[in-house]
Amino acid sequence: MPDLRFGAFLAPHHPIGEHPTLQLQNDLEFVAQLDRLGYDEFWCGEHHSTGWEVIASPELFLAAAAERTHRIRLGTGVVSLPYHHPFMVAQRLVQLDHQTRGRLIFGSGPGALPSDAHTLGVDPMVLRDRQDEAMGIIRRLFQGGERFSAESEWFTLKDAKLQLLPLQRDMEFAVASMVSPSGMTLAGKHGAGVLSIGSMTNAGIQALPLQWSFAEESAAKHDRTVDRSMWRIVMSWHIAETRDKARAQAKEGLFAHNNLYTVGTLAAGVGTIYKTPDEAVDATAFSEDSVATIGTPRDLCDRIEKMMQLTGGFGCVIGFVHDWANRADMSESWDLVARYVIPEVNGMLDSYRESNKWVIEARDTWMRAGEAIMSKIQENKRAAEAMQAAQGQPVRTALGAHSASATKAAAEAGEGAD
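To start, this report covers the structure provided alongside it.

Rules and cut-offs
Residues numbered from 1 in each chain as written. Predicted model: local features only at pLDDT ≥ 70, side-chain atom pairs only at ≥ 80, totals over all residues. Heavy atoms only, no water. Helix = DSSP H or I, 4+ residues; strand = E, 2+ residues; numbered from the N terminus. Buried < 20%, exposed > 50% of the residue type's maximum accessible area, 1.4 Å probe, protein only. Axes fitted to C-alpha atoms, helices over the stretch in contact; angles between N-to-C directions. Parallel < 35°, antiparallel > 145°, perpendicular 65-115°, else oblique. Left-handed = near helix turned anticlockwise from the far one by under 90°. Contact = heavy atoms within 4.5 Å. Nonpolar A, V, L, I, M, F, W, Y, C, P; charged D, E, K, R; others polar. Polar contact = N/O pair within 3.5 Å; in protein donor to acceptor, adjacent residues only side chain to side chain. Phe/Tyr/Trp six-rings, centres within 6.5 Å; stacked < 30°, edge-to-face > 60°. Lys NZ or Arg CZ within 6 Å of the ring centre and 35° of its normal. Pairing = 2+ DSSP bridges. Right-handed = clockwise from strand over helix to strand, strands pointing away.

### Here's the deal with the environment of Leu-60
Line of reasoning, step 1. The residue Leu-60 is located in helix 2 (residues 58-68) in this model.
Line of reasoning, step 2. Of the residues examined, Leu-60 reaches a relative accessible area of 66% and is grouped as exposed.
Line of reasoning, step 3. On a C-alpha basis, the gap between Leu-60 and Ala-267 in space is 29 Å, while along the polypeptide they are 207 residues apart.

### What about the packing of helix 1 (residues 20-37) against helix 11 (residues 327-345)?
Line of reasoning, step 1. One way to put it is that helix 1 packs onto helix 11 with a least axis distance of 10 Å and a crossing angle of 20°. Considered as vectors, helix 1 and helix 11 are oriented roughly parallel to each other. Viewed along their axes, helix 1 and helix 11 form a crossing whose handedness is right-handed. Counting all contacts with helix 1, which are made through Leu-22, Gln-23, Asn-26, Phe-30, Gln-33, Leu-34 and Leu-37, the residues of helix 11 involved are Arg-327, Met-330, Ser-331, Trp-334, Asp-335 and Ala-338.
Line of reasoning, step 2. Classifying every residue of the contact of helix 1 with helix 11 by side-chain character gives seven nonpolar, four polar and two charged.

### What about the side chain of Ser-236?
Line of reasoning, step 1. Tracing the chain through its elements places Ser-236 in strand 10 (residues 231-239).
Line of reasoning, step 2. What Ser-236 contacts, discounting residues up to four positions off in sequence, is Met-200, Ala-292, Thr-293, Phe-320, His-322 and Trp-324.

### So, the packing of helix 13 (residues 367-378) against helix 14 (residues 381-390)
Line of reasoning, step 1. Closest axis-to-axis distance for the helix 13/helix 14 pair is 6 Å, and the angle between their directions is 115°. The angle between helix 13 and helix 14 places the two elements in the roughly perpendicular class. Of the residues in helix 14, those in contact with Met-374, Ile-377 and Gln-378 of helix 13 are Ala-383, Ala-384, Met-387 and Gln-388.
Line of reasoning, step 2. In terms of residue class, the contact of helix 13 with helix 14 is built from five nonpolar, two polar and no charged.

### Side note on the side chain of Gln-131
Line of reasoning, step 1. Examined against the element boundaries, Gln-131 turns out to sit in helix 5 (residues 127-142).
Line of reasoning, step 2. Engagement of the side chain of Gln-131 in a polar contact is seen with the side chain of Ser-108, the distance being 3.1 Å.
Line of reasoning, step 3. Ignoring any residue separated from it by four or fewer positions in sequence, one finds Gln-131 in contact with Leu-81, Pro-82, Ser-108, Gly-109, Pro-110, Val-175 and Leu-186.

### Describing the environment of Cys-316
Line of reasoning, step 1. Mapping Cys-316 onto the fold places it in strand 12 (residues 316-320).
Line of reasoning, step 2. Sequence separation between Cys-316 and Asp-3 is 313 residues, and the spatial gap between their C-alpha atoms is 8.7 Å.
Line of reasoning, step 3. Not counting chain neighbours up to four residues away, the residues in contact with Cys-316 comprise Leu-4, Arg-5, Phe-6, Gly-7, Glu-41, Trp-231, Arg-232 and Ile-233.

### Some words on helix 6 (residues 182-190)
Line of reasoning, step 1. Among the residues of helix 6, those classed as buried are Gly-183, Met-184, Leu-186, Ala-187, Gly-188 and His-190.
Line of reasoning, step 2. At the C-terminal side of helix 6, Gly-191 shows a positive phi close to 60°.

### Observations concerning the packing of aromatic side chains
Line of reasoning, step 1. For the structure shown, the criterion picks out 10 aromatic pairs.
Line of reasoning, step 2. Taking the centre distance of 5.9 Å and the plane angle of 80° together, the rings of Phe-142 and Phe-173 count as edge-to-face. Here the residue Phe-142 occupies a position in helix 5, and Phe-173 occupies one in strand 8 (residues 173-177), the gap between them amounting to 31 residues.
Line of reasoning, step 3. You can call Phe-173 buried: its relative accessible area is 3%.
Line of reasoning, step 4. Within the aromatic cluster, the residues linked to one another by ring pairs are Phe-30, Tyr-39, Trp-237 and Trp-334.
Line of reasoning, step 5. Sitting over the ring of Phe-173, Arg-139 keeps its end group 4.1 Å from the ring centre.
Line of reasoning, step 6. Seen from the ring of Phe-148, Arg-140 lies directly overhead, with NZ or CZ sitting 3.9 Å from the centre.

### Here we look at the pairing of strand 2 (residues 41-44)
Line of reasoning, step 1. Because side chains alternate across strand 2, one face comprises the buried residues Glu-41 and Trp-43, and the other comprises Phe-42 and Cys-44, equally buried.
Line of reasoning, step 2. Bridge count for strand 1 (residues 5-10) against strand 2 is four bridges, and the pairing is parallel. Residue pairing across strands places Phe-9 opposite Trp-43, the latter belonging to strand 2.
Line of reasoning, step 3. The β-α-β motif built from strand 1, the intervening helix 1 and the parallel element strand 2 has right-handed crossover chirality.

### Comments concerning unusual backbone geometry
Line of reasoning, step 1. The residue after Ala-11, namely Pro-12, is reached through a cis peptide bond having omega -5°.
Line of reasoning, step 2. When you line up the elements, Pro-12 lands in the loop between strand 1 and helix 1.
Line of reasoning, step 3. Look at the link from Gly-77 to Val-78: it is a cis peptide, with omega at 10°.
Line of reasoning, step 4. Summarising the element assignment, Val-78 is placed in the loop between strand 3 (73-76) and strand 4 (79-80).
Line of reasoning, step 5. With a phi angle near 60°, Arg-101 is a residue other than glycine that sits in the positive phi range.
Line of reasoning, step 6. Along the chain, Arg-101 turns up in the loop between helix 3 (86-99) and strand 5 (104-109).
Line of reasoning, step 7. Even without a glycine there, the phi angle at Asp-223 is positive, about 60°.
Line of reasoning, step 8. The topology assignment puts Asp-223 in the loop between helix 7 (202-221) and strand 10.
Line of reasoning, step 9. Residue classification places Asp-223 among the exposed residues on the basis of a relative accessible area of 73%.

The following block contains the structure:
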């Protein structure tokens, strides 16, 4: 497998209370920070209700992010296809691909929030079939060629063809996957990448060992291929210099996120309501069934290694962006991951350590260099007297023999004595 890529997924999940305009600007500043730190991907979603997830158009947000970044790839995570005419989605994606200079990844989903589908009058039972249908239409439009028509119970195309094709010749498609086989099956059918969001729950983690097989079986059925390097595992973390510090920084926000949003809003009261922040952080990150990492860079490295073993391999680690900690501590967490986790996981420090070990273990080899330095010192009377005086030894002649201890001292001094 090639090196693991690292990225971030911003739903977003922001507690109600902050000025919306300032929050959006802070989110854009966060993308710029990820770009400076060398992260590979950034994803943001489409939501229209709950009060916590306030980005209604990932395309608009990513267009602004593209102006603040240089190299990071930008993914729609995701466009809820059943809510849009596929021709219009294709048009927006093409324009965004040009505005990002070919950095766009097209992620799609059926729509995550039942409240959104209800508001738009769309039956949840048809959402996944509509996503499948729209993906096929969009891919066909991206390929260019002859004009074509399509008739559906929810959209119509007549003599359709894009007047402008994407900047990328083969833009990557990706789909969101939770716990069921549907997301993976759809990825296999369309030869798309996968954003495994279900990996943040116990049920989703337990399902991971089987998930990729669904994609491979579907790909074979439709004469396509799928690539593990395009499989993205979403994980939650908060990192600090020590576990105690990470715990203290994250526990209040995690407590509120679980009680007010995960259970209080999304699960309609079904789930665990924690009584204290300590109980929340213990259950989430410090139990046998933990689904998040709250601790040090080493703790996150170990967690990623376990996920690699569990899944059989994937290509990208996506950190779920949350407001467990304040802005400064959150920024520091992502900085620590970039500085210590990414190079460690990808073996970037192995040669440093080998070189350091080699120099330490081969120290006897450097004795000859020390002898050469000592020889030059002893050839100069004043230099020899100064060195011997500093060592508290009797002054000896410049051409006299020097002791083994003096040779060793010169060797340990290294080139700094030259």
